Amino acid sequence: QVQLVESGGGSVQAGGSLRLSCTASGLTYSNYFMYWFRQAPGKEREGVAGISFYGTARYLDSVQGRFTISRDNAKNTLYLQMNSLKVEDSAMYYCAADRQFSLEMPPKQIDYWGQGTQVTVSS
């Protein structure tokens, strides 16, 4: 079965950095666009960044210039480098895979999800 396993979350002070990773198995990695979504308590899940197999990336406006999404296709691994973190970036971060490329895609339409990794940014 398909598995997306995230790692790298944690607690950091505002202005700090974290790097999230997501390793995929059970799917043909080249067929999927890969995403990072996040969900804060009481808020809807939102697309943070997405990337095509060939490296074309898209970002949520509020993270543009601070976050970088990348993927290692040889290792079926997705990354999110998060710099200059803000308190409002605190959320559960989810890795996702889908055959369509849209950050605005409703979460319920996403093909596969990871279990999530918590990111907490303190002031």
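Residues numbered from 1 in each chain as written. Predicted model: local features only at pLDDT ≥ 70, side-chain atom pairs only at ≥ 80, totals over all residues. Heavy atoms only, no water.

K.L.:
Any details on the nonpolar core? Residues and values, ideally.
P.N.:
If you look at the biggest cluster of nonpolar residues, it comprises 29 residues, and the most contacted ones within it are M34, L78, L80, M82 and Y93. Elements represented by at least two residues in this core include exactly β3 (18-25), β4 (33-39), β5 (46-51), β7 (67-72), β8 (77-82), β9 (91-98) and β11 (117-122). Formed by eight residues, the second largest nonpolar core is a distinct cluster that contains Y35, F37, Y94 and M105. (Core = buried A, V, L, I, M, F, W, Y, C linked by side-chain atoms within 4.5 Å. Buried < 20%, exposed > 50% of the residue type's maximum accessible area, 1.4 Å probe, protein only. Helix = DSSP H or I, 4+ residues; strand = E, 2+ residues; numbered from the N terminus.)

K.L.:
Give me the lowdown on the packing of aromatic side chains, citing residues and values where you can.
P.N.:
Under the counting rule described, the total for this entry stands at seven aromatic pairs. Residues F37 and W113 carry aromatic rings whose centres are separated by 5.0 Å and whose planes lie at 75 degrees to one another, so their mutual orientation is edge-to-face. Pair noted here: F37 is in strand β4 and W113 is in strand β10 (residues 112-113), with a separation of 76 residues, a long-range link. Between Y94 and W113 the ring centres are 6.1 Å apart and the planes differ by 85 degrees, which places this aromatic pair in the edge-to-face class. Highlighted residues: Y94 in strand β9 and W113 in strand β10, separated in sequence by 19 residues. Look at Y94 and you get buried, because its relative accessible area is 13%. Using a relative accessible area of 27% as the deciding quantity, one classes W113 as partly exposed. Geometry around F101 places R58 over its ring, the cationic atom sitting 4.1 Å from the centre. Above the plane of the ring of Y29 lies R71, whose end atom (NZ or CZ) is 4.3 Å from the centre. (Phe/Tyr/Trp six-rings, centres within 6.5 Å; stacked < 30°, edge-to-face > 60°. Lys NZ or Arg CZ within 6 Å of the ring centre and 35° of its normal.)

K.L.:
Provide a residue-level description of the state of the cysteines, including the pertinent values.
P.N.:
Across all of its chains, the model carries one disulfide by this definition. The side chain of C22 participates in a disulfide bridge whose partner is C95; the two sulfur atoms lie 2.0 Å from each other. Taking the sign of the S-S torsion, about -70 degrees here, the bridge from C22 to C95 comes out left-handed. Of this pair, C22 sits in strand β3 while C95 sits in strand β9, and the two are 73 residues apart along the sequence. Under the relative-accessibility criterion, C22 is labelled buried at 0%. C95 sits in the buried class, given a relative accessible area of 0%. (Disulfide = S-S within 2.5 Å.)

K.L.:
So what's going on with the pattern of salt bridges? Residues and values would help.
P.N.:
In the structure shown here, the tally under the stated rule is four salt bridges. Note that R38 is salt-bridged to E46, the shortest N-O span being 2.8 Å. Its relative accessible area of 31% is what places E46 among the partly exposed residues. Here R66 and D89 are joined by a salt bridge, their closest N and O atoms 2.7 Å apart. Of the two residues, R66 sits in the loop between β6 (57-59) and β7 while D89 sits in the loop between β8 and β9, which places them 23 residues apart along the sequence. In terms of burial, R66 and D89 fall into one category: buried. (Salt bridge = Lys/Arg side-chain N within 4 Å of Asp/Glu carboxyl O.)

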